[in-house]
Structures are given as structure tokens and as C-alpha cells.
Amino acid sequence: MLEYELIAAYYEGKVAARSGLPYMNHIDEGLMLLKAMGAPQEALPAFCLHPIAQNGDEAEQAYAQKSPVWFYAERYALVANCYLPQNTPPIDLPRDERRTAITAHFSQEARHDLQDRVITAMLFADKLQNDKDARRMGYKSHHTDQLEQYFKDWLWLIGKDKLKWNITAATSATTQDASAYGGLKPTRPERRIGHTQG
């Protein structure tokens with residue numbers, strides 16, 4: 001896969017400071033999650049490119065644009081960068097106020113992209129895998145509760161329950177312990193931004 005080769009070269013020799021794991025671990029586990037949950041095929045190569053779309057320099061991005069799925073990686077970056085850990089509202093904010101504060105970070109364009117199944121699949125795999133690594137490290141941060149809530153916020157934004165992905169298969173794809181992924185289980189669907197009920 002061209003996209004996998006590109007990200008392998010981009011991440012060559014790079015290791016996460018806190019976990020000590022190669023950056024490629026995020027890509028490998030993310031791909032396993034995407035496959036296990038039955039994500040659209042375009043999501044897999046696009047997921048490989050998302051770090052370049054988010055953080056790569058102009059030359060790296062220009063080369064990655066040769067991929068036919070670059071569009072999805074670019075749109076992913078637009079959406080993902082709308083809501084970052086530093087934007088997390090206070091943990092004690094009432095739910096409705098919290099969700100209003102969260103959605104205020106998203107442009108109309110980004111809200112539209114949150115309806116795209118390829119992009120939301122990539123977001124789901126990214127946040128789920130990052131959350132798993134954070135749990136593995138014991139949320140080593142003085143903002144532990146806030147970081148945990150940040151990942152929960154993303155699962156609400158993505159609307160995981162409406163997408164009918166095989167969450168059980170996904171959460172066991174890279175570990176035998178479902179608690180590593182927060183023990184996610186399908187629950188009552190919640191309304192997603194940009195959606196109407198009915």
C-alpha cells in the first residue's frame with residue numbers, strides 16, 4: 001500500500017516520548033480497528049496519511065497528494081483539528097452546555113464532514129486507539145479526568161452507536177482486554193450534531 005509506505009517513511013525512527021512505543025504502532029493498531037469494525041475501504045489508506053495531513057510540511061504533503069485518498073486525509077485533518085485536548089470544556093459543565101461549547105469549535109464545513117462515513121471511521125479508530133494508549137499509561141497527566149472526557153466527547157461527536165460498526169470486534173482487535181478500550185459497549189443512540197431526529 002503506497003500510503004502505508006509513505007507513513008512508514010515519515011515515522012521512521014520516531015518513538016512516543018511517554019509510552020516509548022513507535023509512532024507506527026498508532027497506525028498499525030488503527031488499521032486493525034478499521035478492518036475489524038468493517039470501515040469503508042478508503043478509510044484504511046487515508047488513515048495512514050492523516051498524520052501527514054495534520055502535521056507534515058509542504059513537501060511531505062505535496063508528495064502524499066499523489067494518493068487518490070488524500071482528499072479524505074485532508075478532510076479528516078480539518079475536522080480533527082477543530083476539537084483538541086486544550087479545547088476541552090470544564091469537566092463539571094452540565095452535559096447540554098458542554099455539548100454546545102464543543103460544537104462551537106466546528107465550522108459548518110467540518111460539521112458536514114462529520115456525516116461522512118469514511119472520515120468518521122478514521123476519527124473513531126484514531127480516538128479509540130489514542131484512548132487505549134492513554135489508559136495503558138494510566139492517563140499520566142494532571143488533567144486525567146479531562147483527557148478521559150475528551151475521548152468520550154469525540155465518541156459522542158462521531159455518533160458511534162448510529163454507525164452500527166462492529167464495536168465488539170473493533171475493541172478486541174488489538175487486545176484481549178476490552179477494558180483497554182474503556183469497555184465500550186453499544187448503548188442507546190444519542191443525537192449527533194447536524195442530525196435531526198425522526
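Counting restarts for each chain, with residues numbered from 1 along the sequence as it is written. Local features in this predicted model are restricted to residues of pLDDT 70 or higher, and side-chain atom pairs are both shown and tallied only at a pLDDT of 80 or more, whereas totals for entire chains, interfaces and linings draw on every residue. Where side-chain values are given, they derive from all heavy atoms of the structure, hydrogens and water being excluded.

### Quick notes on the packing of helix H3 (residues 43–55) against helix H5 (residues 70–80)
Step number 1: A fitted line through C-alpha atoms represents every axis, and for helices the fit uses only the stretch in contact; the resulting angles, taken between N-to-C directions, go from 0 to 180 degrees. In this text, helices come from DSSP runs of H or I with a minimum length of four residues, and strands from runs of E with a minimum of two, each type numbered from the N-terminal end. Two elements in contact, H3 and H5, have axes separated by 8 Å at closest approach and are oriented at 55°. Taken together, H3 and H5 sit at an angle that is classed as oblique. Note on packing geometry: the crossing formed by H3 with H5 is right-handed. Residues Ala 46, Leu 49, His 50, Ile 52, Ala 53 and Gln 54 of H3 pack against Trp 70, Tyr 72, Ala 73, Glu 74, Tyr 76, Ala 77 and Ala 80 of H5.
Step number 2: In this count, Pro and Cys sit with the nonpolar residues alongside Ala, Val, Leu, Ile, Met, Phe, Trp and Tyr, while Asp, Glu, Lys and Arg are called charged and the others, Gly among them, polar. Here the residues of the contact of H3 with H5 are counted per class, giving 10 nonpolar, two polar and one charged. An angle below 35 degrees is read as roughly parallel, one above 145 as roughly antiparallel, one from 65 to 115 as roughly perpendicular, and any other as oblique. Two helices crossing with the near one rotated counterclockwise from the far one by less than a right angle form a left-handed crossing, whereas a clockwise rotation gives a right-handed crossing. Any two residues whose heavy atoms approach within 4.5 Å at even a single point are treated as in contact.

### Concerning the packing of helix H8 (residues 117–136) against helix H9 (residues 144–158)
Step number 1: With their axes 10 Å apart at the nearest point, H8 and H9 run at an angle of 160° to one another. If you check the angle between H8 and H9, you find them roughly antiparallel. Along this stretch, H8 crosses H9, giving a crossing that reads as left-handed. Contacts between H8 and H9 involve Thr 120, Leu 123, Phe 124, Lys 127, Asn 130, Asp 131, Ala 134 and Arg 135 from the former and Leu 147, Glu 148, Tyr 150, Phe 151, Trp 154, Leu 155 and Ile 158 from the latter.

### What to know about H5
Step number 1: In terms of burial, H5 is largely enclosed, as eight of its 11 residues are buried.
Step number 2: Here H5 has its buried residues at Trp 70, Tyr 72, Ala 73, Arg 75, Tyr 76, Ala 77, Val 79 and Ala 80.
Step number 3: Check the buried side of H5 and you find it contacts H3, helix H4 (58–64), helix H7 (108–113), H8 and H9. Buried residues are those whose accessible area, probed at 1.4 Å on protein chains only, stays under 20% of the maximum for their type, while exposed residues exceed 50% and partly exposed ones sit between those limits.

### Focus: H8
Step number 1: With 20 residues, H8 extends 28 Å from end C-alpha to end C-alpha; this agrees with the ideal 28 Å at 1.5 Å per step.
Step number 2: Most of H8 sits out of view: 16 of its 20 residues are buried.
Step number 3: One side-chain oxygen of the residue at the start of H8 lies 2.9 Å from the amide nitrogen of Val 118, identifying that residue as Asp 116. To estimate the expected span of a helix, count its residues, drop one, and scale the result by 1.5 Å. Two N or O atoms count as a polar contact when they lie within 3.5 Å, although within protein this holds only if one can serve as hydrogen donor and the other as acceptor, and sequence-adjacent residues are included solely when both atoms are side-chain atoms.

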